[in-house]
Amino acid sequence: MSHRLLFLSLLWCTLSCNTKPTTSIFKKLDPAKTQVTFANTITETEEDNVLNYEYFYNGGGVAAADFNRDGQIDLFFTGNQVPNRLYLNRGQLRFEDVTAGAFPSEQDTHAWHTGVTVVDLNQDGWPDLYVSVSGNIDHPEWRKNKLFINNGDQSKGGAEISFSEQAAAYGLDLATYSTQAAFLIMTKMGISMPISSTTMSKTSNDLMSKRSSLCAIRWQVTG
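Residues numbered from 1 in each chain as written. Predicted model: local features only at pLDDT ≥ 70, side-chain atom pairs only at ≥ 80, totals over all residues. Heavy atoms only, no water.

**Comments concerning the nonpolar core**
Quick note on the threshold: By nonpolar core we mean a set of buried residues, namely Ala, Val, Leu, Ile, Met, Phe, Trp, Tyr and Cys, connected to one another through side-chain atoms within 4.5 Å. Type-normalised accessible area, obtained with a 1.4 Å probe on protein chains alone, sets the label of each residue: buried when under 20%, exposed when over 50%, and partly exposed for intermediate values. Under the DSSP-based scheme used, a helix requires at least four consecutive residues in state H or I and a strand at least two consecutive residues in state E, with every element numbered from the N terminus. Whether two residues are in contact is decided by their heavy atoms, any of which lying within 4.5 Å being enough.
The biggest cluster of nonpolar side chains holds 15 residues, and the ones touching the most others in it are F67, F76, L86, F103, L129, I161 and F163. Breaking this core down by element, the ones donating at least two residues are β1 (62–65), β3 (85–89) and β6 (128–134). Leaving out residues up to four positions away in the same chain, F76 has contacts with G61, V62, A63, F67, N84, R85, L86, F103, V116, L129 and V131. In terms of nonpolar packing, the next biggest core, distinct from the first, is built from ten residues, L121, L172, A181 and F183 among them.

Below is the structure:
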């Protein structure tokens, strides 16, 4: 009986206590003020849907870094069915879309971009971008990962910032249904990059079988 009374007393005290409303430490900003209007819009069709591609709604990626080294954190978004976007931070959380000038040779409208990783791969002090690509089971030529090397002070065409796609030159143009890549220094000789990927193939009844895998690549960095 005494234990029951003690329990009821504690319960009453707990319920009767005045609790302060919790306040969020985050504040949602209006895109009209930030000018960040990117939307990873997904459109289903008879061919493109979750039944034909299991990872249809996995989403894209976002990277935050000071790409032009002005002391402000910039934003880069990848799109599945929409173009990637680069926004430079102009201060006071106001951004400018500089995609056209930053990626003048990027005309790929077929690639299903997934995760993105920031890494200074050539160790020149400027952040580079490695974009994972998936989807397009019937078109491996559209499924190659992309490495955008930051041109830094050598930006082309008078642009404030520009990138050059060099995945093939670095041996990183993989077509392995990649989701995300991570770079780390494993030895004193160079950088290693494990890539999360899924191997997919069509069976006789046109369904897809898959096998998750982890691919690792290592290369030397000189200079």
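**Describing the sheet that holds strand β5 (residues 112–119)**
Applicable threshold: Should DSSP find at least two bridges between two strands, the strands are regarded as paired. Axis definition: a line fit to C-alpha positions, over the contact stretch in the case of helices; interaxial angles, taken between N-to-C directions, run 0 to 180 degrees.
With antiparallel pairing, four strands are arranged side by side in an open sheet as β5-β6-β7-β8. For this open sheet the edge positions go to β5 and β8 (163–165), each flanked by a neighbour on one side alone. Each adjacent strand pair in this sheet contributes to an overall mean axis angle of 25°, direction not counted. Bridge count between β5 and β6: six bridges; the pairing is antiparallel. Bridge pairing links W112 to S134 in β6.

**A closer look at the confidence of the model for the chain**
In plain terms, the rule: The pLDDT value tells you how sure the predictor is about a given residue, anywhere from 0 up to 100.
Mean pLDDT over the chain works out to 81, with 71% of the residues at or above the 70 mark. Here strand β11 (residues 208–220) stands out as the element of the chain with the lowest mean pLDDT, 47, in contrast to strand β2 (residues 74–77), whose mean of 98 is the highest. Here residues 197–214 is modelled with pLDDT under 50, and outside its nearest four sequence neighbours on either side it reaches 43 contacts, counting other chains as well. Long-range and interchain partners of residues 219–223, a stretch whose pLDDT sits below 50, account for 15 contacts in this model, where long-range means more than four residues apart.

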